[in-house]
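Given next are the chains, with one letter for each unit.
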Amino acid sequence: QVQLVESGGGLVQPGGSLRLSCAASGSRFSISTMGWYRQSPGKERELVAGITRDGSTNYADSVRGRFTISRDNAKNTVYLQMNSLKPEDTAVYYCNLRVPFTTVQHWGRGTQVTVSS
């Protein structure tokens with residue numbers, strides 16, 4: 001059974017930074033594609049950033065150049081470094097694990113990020 005636990009959210013002023021972490025239990029982490037998604041009220045959940053098992057990354061246009069996704073397979077953890085935060089980055093951020101070439105995926109419970117002065 002895979003469990004994903006996010007941490008690192010909070011309240012930050014515009015222009016500030018936060019680092020989100022997602023710790024995964026189970027043995028599938030190293031073979032899985034990991035992603036960070038976000039959802040704000042009234043909007044659909046959207047992909048923010050993803051990283052494959054070999055370290056290839058992709059980003060939403062709205063965060064490219066400001067956010068960085070990384071992973072530490074030894075710690076079963078994926079990170080999202082968020083810099084130059086904007087009020088429109090305010091959302092609940094969710095960690096996602098997908099096993100390639102299968103329908104297996106898991107979600108964390110989310111962590112709130114609020115960007116406000």
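To be clear, the structure that these remarks concern was listed above.
Below: a short report on this structure. In this text, all values refer to a predicted model and were calculated from it rather than measured experimentally. (Residues numbered from 1 in each chain as written. Predicted model: local features only at pLDDT ≥ 70, side-chain atom pairs only at ≥ 80, totals over all residues. Heavy atoms only, no water.)

## Digging into the sheet that holds strand 8 (residues 77-82)
Read across the open sheet, the four strands follow the order 1-3-8-7; overall the sheet is antiparallel. Edge strands, defined here as strands with exactly one partner in the open sheet, are strand 1 (4-7) and strand 7 (67-72). Here the strands of the sheet are splayed against their neighbours by 15 degrees on average, with no regard to which way each runs. (Pairing = 2+ DSSP bridges. Helix = DSSP H or I, 4+ residues; strand = E, 2+ residues; numbered from the N terminus. Axes fitted to C-alpha atoms, helices over the stretch in contact; angles between N-to-C directions.)

## What about the state of the cysteines?
This structure, assessed with the given rule, holds one disulfide. Paired by a disulfide, Cys22 and Cys95 hold their sulfur atoms 2.1 Å apart. A torsion of -85 degrees about the S-S bond marks the disulfide between Cys22 and Cys95 as left-handed. Of the two residues, Cys22 sits in strand 3 (residues 18-24) while Cys95 sits in strand 9 (residues 91-98), which places them 73 residues apart along the sequence. Across the pair, exposure class does not vary: Cys22 and Cys95 are buried alike. (Disulfide = S-S within 2.5 Å. Buried < 20%, exposed > 50% of the residue type's maximum accessible area, 1.4 Å probe, protein only.)

## Things to note about unusual backbone geometry
The phi torsion at Ser84 lies on the positive side, around 50 degrees, for a residue other than glycine. In this fold, Ser84 is placed in the loop between strand 8 and strand 9. For Ser84, a relative accessible area of 41% puts it in the partly exposed group. Unusually for a residue other than glycine, Phe101 sits at a positive phi of about 65 degrees.

## Observations regarding the pattern of salt bridges
Opposite charge on two side chains permits them to pair, given that their charged atoms come into close proximity. In this structure the tally under the stated criterion is four salt bridges. One salt bridge in this structure joins Arg64 and Asp61, with 2.6 Å as the shortest N-O distance. By relative accessible area, Arg64 is classed as partly exposed at 48%. Owing to a relative accessible area of 65%, Asp61 belongs among the exposed residues under this scheme. (Salt bridge = Lys/Arg side-chain N within 4 Å of Asp/Glu carboxyl O.)

## Here's the deal with the nonpolar core
Core analysis: the largest hydrophobic core is formed by 29 residues, its most contacted members being Trp36, Val78, Leu80, Met82 and Tyr93. Those elements giving two or more residues to this core turn out to be strand 3, strand 4 (33-39), strand 5 (46-51), strand 7, strand 8, strand 9 and strand 11 (111-115). Discounting residues that sit within four places of it in the chain, Val78 has contacts with Leu20, Ser21, Cys22, Phe29, Met34, Trp36, Ile51, Ile69, Ser70, Arg71 and Cys95. (Core = buried A, V, L, I, M, F, W, Y, C linked by side-chain atoms within 4.5 Å. Contact = heavy atoms within 4.5 Å.)

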